[in-house]
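Coordinate analysis (summary)
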Amino acid sequence: MLRGSKVGLRARHEDDVPVLQAELYDDVVNTSRADGRPWRPVPPGVPGGKFVVDPTDQDNLPFSVVDLESGELVGAATLWGIDTHHRCAHVGLGLLPSARGKGYGTDVVAVLCHYGFVVRGLHRLQVETLPDNVGMLRSAERNGFVREGVLRSSAWVLGEFMDEVVLGLLADEWKQGARG
Ligand SMILES: CC(C)(COP(=O)(O)OP(=O)(O)OC[C@H]1O[C@@H](n2cnc3c(N)ncnc32)[C@H](O)[C@@H]1OP(=O)(O)O)[C@@H](O)C(=O)NCCC(=O)NCCS
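Residues numbered from 1 in each chain as written. Predicted model: local features only at pLDDT ≥ 70, side-chain atom pairs only at ≥ 80, totals over all residues.

In the nomenclature of an unreviewed UniProt entry, the protein chain corresponds to GNAT family protein from the organism Streptomyces justiciae.

This is how it looks when you write it as structure tokens:
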């Protein structure tokens, strides 16, 4: 398990899947805002469901997020789009509603940075999020990510096009444990 100050990132367990599916995926508003793909009704556990792990997929690595003290599941995190030639990847996360706003998100980003830069030797990590997702923007910025640009009108979100903010962090800029 990877450890931060509040959260642990461990492998996805089979019994995490229905919880993540019910509390994250089946919240259509959350999924429409946080996932580039359209929401569709997916039975829990079927191959291709968002939280079901494909062990052959080396480019997208799903973690389950647990509270370090209690071991309780609090969300999901992914290092996705891992490109071993350009040594870059994207960071994604979603916390159960009851776990939001307590500092877990900032800590999850810190742990994913450690995994990406230290364990995997990546050079660059990237976050994309909607401009009004203050919690995600701050979780990234507190770990040193900088806003690099705006993809204008690039996301279809519940009936309207929205901009996406791109944030990046390079290995050289990242200081483990430093939070601004
Ligand atoms: C976005 C998300 C991961 C942030 O994690 P979190 O644990 O809630 O965030 P934190 O508690 O670490 O807060 C980080 C900062 O954002 C602020 N913040 C958090 N939620 C906020 C909100 N809803 N509105 C305004 N500010 C917020 C906190 O005050 C904190 O600010 P600080 O750094 O100045 O102290 C989490 O809320 C979540 O899972 N949301 C739903 C899914 C989602 O949006 N995923 C990201 C898709 S790109």
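On to the site of the ligand, then. In the region of the ligand, 20 residues are neighbours, and Leu-95, Gly-105, Thr-106, Gly-135 and Arg-138 sit closest. Within the residue set of the shell around the ligand, elements represented by two or more residues are helix H2 (28-34), strand S5 (88-95), helix H3 (104-119) and helix H4 (134-141). No other element matches H4, which puts five residues into the shell around the ligand. When grouped by side-chain class, the residues that make up the shell around the ligand number six nonpolar, ten polar and four charged. (Near = placed C-beta within 6 Å. Helix = DSSP H or I, 4+ residues; strand = E, 2+ residues; numbered from the N terminus. Nonpolar A, V, L, I, M, F, W, Y, C, P; charged D, E, K, R; others polar.)

This brings us to unusual backbone geometry. Not every positive phi belongs to a glycine, and Arg-87 is a case in point at roughly 55 degrees. Turning to its location among the elements, Arg-87 is positioned in the loop between strand S4 (73-83) and S5. A positive phi is found at Ser-153, a non-glycine position, where the angle reads about 50 degrees. Here Ser-153 shows up in strand S7 (residues 146-157). On the basis of neighbour count, Ser-153 is assigned to the exposed category, with 11 C-beta atoms found within 10 Å. (Buried ≥ 20, exposed ≤ 12 C-beta atoms within 10 Å, placed from the backbone.)

To continue, consider the pairing of strand S3 (residues 61-67). Across the seven residues of S3, six count as buried, placing the element largely inside the fold. As paired elements, strand S2 (residues 7-10) and S3 share four bridges and run antiparallel to each other. By the bridge assignment, Val-7 is partnered in S3 with Asp-67. Here S3 pairs with S4 via six bridges, running antiparallel. Each residue of the ladder has a partner; that of Pro-62, found in S4, is Thr-78. (Pairing = 2+ DSSP bridges.)

Turning our eyes to something else, we now look at the UniProt feature "domain: N-acetyltransferase" (unreviewed entry) in the protein chain. As recorded in UniProt, the feature "domain: N-acetyltransferase" (unreviewed entry) lies at residues 7-172. Within residues 7-172, the helical portion is 25% and the strand portion 36%, while the C-alpha atoms at the span's ends are 24 Å from each other. (UniProt positions renumbered as here; feature names shortened; annotations may be inferred.)

As a further point, take the pairing of S2. Regular strands show a simple pattern: their side chains alternate between the two faces of the sheet. As defined by bridge partners, strand S1 (residues 2-3) adjoins S2 across two bridges and the pair is classed as antiparallel. For Leu-2, the partnering residue across the bridge sits in S2 and is Leu-9. With antiparallel pairing between neighbouring strands as the criterion, S1 and S2 make up a hairpin whose turn holds three residues.

It is worth spelling out H3 at this point. Here H3 spans 21 Å end to end across 16 residues, near enough to the 22 Å set by a 1.5 Å rise per residue. Burial within H3 is extensive, with 13 of its 16 residues counted as buried. Looking one or two residues past H3, Gly-121 carries a phi angle of roughly 65 degrees, positive in sign. (Expected span 1.5 Å × (residues − 1).)

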